[in-house]
Amino acid sequence: MTATLPNDWPAGYDRAVLPETDSTMAEAQRRVASISGPTWILALNQTAARGRRGRAWVNPKGNFAATLVMRPALGAGLAALRSFTASLALFDAFVATTGRTTPFTLKWPNDVLLNGGKVAGILLESAGQGGDVSFLSIGIGVNLASAPQPAEVEPRALRPVSLRAETGASISPEAFLDALAPAYARYETQLSTYGFAPIREAWLARAARLGEVVTARTASEEITGTFETIDDAGNIVLRDAKGQRTIPAADIFF
């Protein structure tokens, strides 16, 4: 069903709230041909949720599962930068929800941490031809009410945490979307108007383990080094015994 938009809902964005679907990412693919503008799809229950690289995403009742689908008409590199706008929007939504800033940090490339544990994840999917993106889906999962058990996540992953258990804040998925969507729209406008530089600066100010030693696991190797920065393309930059290493894609472990 299409939800009634609140008064502070961002102009130009649509919203659909579904009682149940297989996954909001799959729902976004089914709807992309018919959308007239950026559209948030929120599901109150998912039966086949998934995360990065096809991993299962545990999504108990009361947690947040939504996808923003859009047709941005830009290159794949610029589309990938939306993980940073989404991270910053999540950070702002958490601050608005709890009134706190210090417990939250951003983990490269696409997680939000609360008291050092993973409270939210972001998944980007796109399609297009010739290096151009015809549509982009930004999937967001948030442990609002409860978190998976440690045994339900992959080895070495950060402990899952929930917003309710860590902060005492209780918020419905619909109310969280009301906070998230305007925040995302602000950062999207900033990125479109001023480029990545201010987004990069804001993200680094909230980055987890900046200046500390982390391990990046790519498809072919593990690199352990000091997390120095992210570059103008959003790649993580580590320094190890071989010097400065720029890494476009990896899982990061602390």
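All of these numbers come straight from a predicted model, not from anything done at the bench.

### Concerning the overall build of the protein chain
Part 1 of the argument: The secondary structure content of the protein chain amounts to six helices and 13 strands.
Part 2 of the argument: Taken over the C-alpha trace, the protein chain has a radius of gyration of 17 Å; the compact-globule value for 254 residues is 18 Å, and the two agree within 12%.
Part 3 of the argument: Along the longest, intermediate and shortest principal axes, the C-alpha atoms of the protein chain span 55 × 45 × 30 Å.
Part 4 of the argument: The proportion of buried residues among the 254 residues of the protein chain is 51%.
Part 5 of the argument: The contacts in the protein chain between residues at least 6 apart in sequence include a share of 64% that link residues at least 24 apart.
Part 6 of the argument: Counting only carbon and sulfur atoms, one obtains 50% of the accessible surface of the protein chain, whose full area is about 11,300 Å².
Part 7 of the argument: With 24 positive and 24 negative side-chain charges, the protein chain shows a spacing of 3 Å between the two charge centroids.

### Details of the pairing of strand 9 (residues 213-217)
Part 1 of the argument: Sheet topology note: the strand 9/strand 10 (residues 222-230) ladder contains five bridges and is antiparallel. Bridging across to strand 10, R217 finds its partner in E222.
Part 2 of the argument: Two strands pair when backbone bridges link them, and strand 9 and strand 13 (residues 251-253) are joined in this way by three bridges, in the antiparallel orientation. Bridging from a neighbouring strand, A216 pairs with I252 of strand 13.

Cut-offs applied
- Residues numbered from 1 in each chain as written.
- Predicted model: local features only at pLDDT ≥ 70, side-chain atom pairs only at ≥ 80, totals over all residues.
- Heavy atoms only, no water.
- Helix = DSSP H or I, 4+ residues; strand = E, 2+ residues; numbered from the N terminus.
- Rg over C-alpha atoms; globule rule 2.2 N^0.38 Å.
- Buried < 20%, exposed > 50% of the residue type's maximum accessible area, 1.4 Å probe, protein only.
- Contact = heavy atoms within 4.5 Å.
- Areas by Shrake-Rupley, 256 points an atom, 1.4 Å probe, with all protein chains shown as cover.
- Lys, Arg positive; Asp, Glu negative; His and termini not counted.
- Charge placed at Lys NZ, Arg CZ, Asp CG, Glu CD.
- Pairing = 2+ DSSP bridges.

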